[in-house]
Amino acid sequence: MSQMLALTIVLAILYIGDIVATRTKAWIPSVFVCAVLFLIGYWTFFPKDIVSIAGIGPVVATMLMYLLITNMGTLLSLKELKNQWKAIVISLAGIVGIIAILFTIGAMIFDLKTMIVAVPPLVGGVVAALVMSEGASAAGLEDLAVFAIVIYVIQGFAGYPITSIVLKREAKRLLKEHQQGKLHTISQVQEEENAATEQPKLFRKMPANYNTEYFKFFRLAVIGLLAYGTSTVLAPIVTVNALVLCLVFGVLASTIGFLERQPLQKANGFGFAIMGLMLFIFDGLKQATPEMLMRIIVPLVVSIVLAVAGMYIFSFIAGKILKVSPNLAFAVSLTALYGFPADYILTNEVVKSSTTDEKEREMLLSRMLPPMLVGGFISVTITSVILAGIFVNWL
């Protein structure tokens, strides 16, 4: 297959996902549609490396992850992280729910090792899935090695539509309160939008025309390099994922004025970066052959159902205690099933489909996007990697 044919096919899939999401007003999320189409493609005529042929290989995807996660850090000021402490607690409560249900009910249905392998991928990202897969292989548990990868690439099928449903309910509730005059846009959003048009504090004396797209990319790369270098230096003492540090350093760089808010958008690179990262995520579906799924379908489905039930119960309790609506609390805990950028995309799709009024959209984003981003950061980026490092030693 030629590069341009591969690129045309995968971009057509992304566009079809957008069309379906728009037509169904986000009841069927674009990421869910794309995942189904990629799976069908891999089972029929797609070459296994169609994403790499199109130009998004692992090296390119890694670069985009560094840029995107650093950029995401600029969305979360230290003040915002402090303000979103409830989202952090709810995200952690959802993770406790997954562990509690799988290690009790799940272990009784199957066995403890299956649940040990299942938890880190269910809590988060590809790093956790790879760690558990390699650990299972080293322990001679080949089916569980496949199970770790498949549960990672399939769990979004549960997370995407459920998240879309509960976020739409939350948006409906917020709009009703807003229209009754009980709820207003969080003022910080407008302040941040105004600040976003200014030069970053450290470069305000520099002429604006020198702050080019390349300079924005350069500064993002510098922060990514610092994150990578720090993780390497700390490696002999403690293992810290470089991407975790990208987000933390992105927050700090934005706070001190080295980066403006959303520099990747201002450098006109955000759309391409999201496209590349989403293709890399769907590339993982090439591992899920029909034969593999038939062997592990029962523990796969049961593990995901139990995990979602655990997240719902524990996030509901945490939400009640913290006075957060059940729908938002559940949505925040569900970010463990997919993380960034799906949490960003799903929230924006729901907001766009809920109202055409820009003021109302601004209000919804200010209320829903920050806790969703923080929830995904806590579960997928940090906690899943920590759990994988602990659980792999139990195999």
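Residues numbered from 1 in each chain as written. Predicted model: local features only at pLDDT ≥ 70, side-chain atom pairs only at ≥ 80, totals over all residues. Heavy atoms only, no water.

Caption draft 1: The overall build of the protein, seen in detail. Per the secondary structure count, the protein includes 19 helices and zero strands. The globule rule puts the C-alpha radius of gyration for 395 residues at 21 Å, and the 21 Å found for the protein is close to it. Principal-axis analysis of the C-alpha atoms gives the protein an extent of 60 × 50 × 50 Å. Taking all 395 residues of the protein together, 54% fall into the buried category. The long-range share in the protein, meaning contacts at least 24 apart out of those at least 6 apart in sequence, stands at 80%. Positive and negative side-chain charges in the protein, numbering 28 and 23 respectively, have mean positions lying 8 Å apart. (Helix = DSSP H or I, 4+ residues; strand = E, 2+ residues; numbered from the N terminus. Rg over C-alpha atoms; globule rule 2.2 N^0.38 Å. Buried < 20%, exposed > 50% of the residue type's maximum accessible area, 1.4 Å probe, protein only. Contact = heavy atoms within 4.5 Å. Lys, Arg positive; Asp, Glu negative; His and termini not counted. Charge placed at Lys NZ, Arg CZ, Asp CG, Glu CD.)

Caption draft 2: The arrangement of the environment of Gly389 in detail. In this structure, Gly389 sits in helix α19 (residues 358–391). Take Gly389: its relative accessible area is 38%, and that puts it in the partly exposed class. Residues Gly389 and Pro120, 269 residues apart in the sequence, show an inter-C-alpha distance of 9.0 Å.

Caption draft 3: Unusual backbone geometry, seen in detail. Its identity as a non-glycine residue notwithstanding, Gln262 has a phi of 50°, on the positive side. With respect to the element layout, Gln262 can be found in the loop between α13 (242–256) and α14 (263–266). Gln262 gets classed as partly exposed once you look at its relative accessible area, which sits at 23%. Phi angles above zero are rare outside glycine, and Asn268 is one such case at about 60°. For Asn268, the position within the fold is in the loop between α14 and α15 (270–283). Among the residues examined, Asn268 registers a relative accessible area of 63% and is labelled exposed.

Caption draft 4: Highlighting the pattern of salt bridges. If you walk through the whole model with that rule in mind, you get five salt bridges. Across the pair Arg173 and Glu177 runs a salt bridge, and its minimum N-O distance is 2.9 Å. Of this pair, Arg173 and Glu177 both sit in helix α10 (residues 156–179), four residues apart, which is roughly one turn of the helix. Across the pair Asp283 and Lys286 runs a salt bridge whose closest N-O atoms are separated by 3.4 Å. The exposure class assigned to Asp283 is buried, which follows from its relative accessible area of 9%. Through salt bridges with shared partners, a single network forms among Glu170, Arg173 and Glu177. (Salt bridge = Lys/Arg side-chain N within 4 Å of Asp/Glu carboxyl O.)

Caption draft 5: Inspection of helix α6 (residues 85–109) at higher detail. For α6, built from 25 residues, the straight-helix expectation of 36 Å at 1.5 Å per residue is met to within 8% by its first-to-last C-alpha distance of 35 Å. In the structure, α6 departs most strongly from a straight axis at Leu102, where the bend amounts to approximately 35°. Every buried residue belonging to α6 is among Ala87, Ile90, Ser91, Ala93, Gly94, Ile95, Gly97, Ile98, Ile101, Leu102 and Gly106, and all of these are buried. (Expected span 1.5 Å × (residues − 1). Bend = angle between axes of the 7 residues up to and from the residue.)

Caption draft 6: Quick look at the environment of Phe270. Here Phe270 shows up in helix α15. Not counting chain neighbours up to four residues away, the residues in contact with Phe270 comprise Leu68, Asn71, Leu264, Gln265 and Tyr344.

Caption draft 7: Spotlight on the packing of helix α2 (residues 30–43) against α15. Following both chains from N to C, one finds α2 and α15 inclined at 50°, their axes separated by 10 Å at the closest point. When the axes of α2 and α15 are compared, the pair comes out oblique. Of the two elements, α2 crosses α15, and the hand of that crossing is right-handed. Here α2 contributes Val31, Cys34, Ala35, Phe38 and Tyr42 to the contact with α15, which in turn contributes Met278, Leu279, Phe282 and Asp283. A per-class count over the contact of α2 with α15 returns eight nonpolar, no polar and one charged. (Axes fitted to C-alpha atoms, helices over the stretch in contact; angles between N-to-C directions. Parallel < 35°, antiparallel > 145°, perpendicular 65-115°, else oblique. Left-handed = near helix turned anticlockwise from the far one by under 90°. Nonpolar A, V, L, I, M, F, W, Y, C, P; charged D, E, K, R; others polar.)

Caption draft 8: Inspection of the side chain of Ser325 at higher detail. As for its placement among the helices and strands, Ser325 is situated in the loop between α16 (290–322) and α17 (326–334). With residues near it in sequence (within four places) discarded, Ser325 still touches Glu170 and Arg173.

Caption draft 9: How the structure looks around the confidence of the model for the protein. On average, residues of the protein carry a pLDDT of 86, and 94% of them reach 70 or more. The low-confidence segment residues 187–196, where pLDDT is below 50, has 12 contacts with residues more than four positions distant or belonging to other chains. (pLDDT = per-residue confidence, 0-100.)

Caption draft 10: A look at α10. Helix length check: α10, at 24 residues, gives a terminal C-alpha distance of 33 Å against a target of 34 Å (1.5 Å per residue), a fit within 8%. Once α10 ends, the next one or two residues include Gly181, with phi positive near 80°.

Caption draft 11: Layout of a nonpolar patch on the surface. On the surface, Tyr312, Ile313, Phe316, Ile317 and Ile321 cluster together to form a nonpolar patch covering roughly 470 Å² of accessible area. For Ile321, the position within the fold is in helix α16. Using a relative accessible area of 64% as the deciding quantity, one classes Ile321 as exposed. (Patch = residues over 30% accessible without salt bridge, like charges linked within 9 Å, V, L, I, M, F, W, Y side chains within 5 Å. Areas by Shrake-Rupley, 256 points an atom, 1.4 Å probe, with all protein chains shown as cover.)

Caption draft 12: Layout of the packing of helix α12 (residues 213–234) against α13. Viewed as axis vectors pointing N to C, α12 and α13 meet at an angle of 130°, and their least axial separation amounts to 8 Å. As far as their axial angle goes, α13 and α12 are oblique. Of the two possible hands of crossing, α12 and α13 adopt the one that is right-handed. In this structure, α12 uses Ile223, Gly224, Leu226, Ala227, Tyr228, Thr230 and Ser231 to contact α13, whose residues at the interface are Ala242, Leu245, Cys246, Phe249, Gly250 and Ala253. Grouping the amino acids of the contact of α12 with α13 by side-chain chemistry returns nine nonpolar, four polar and no charged.

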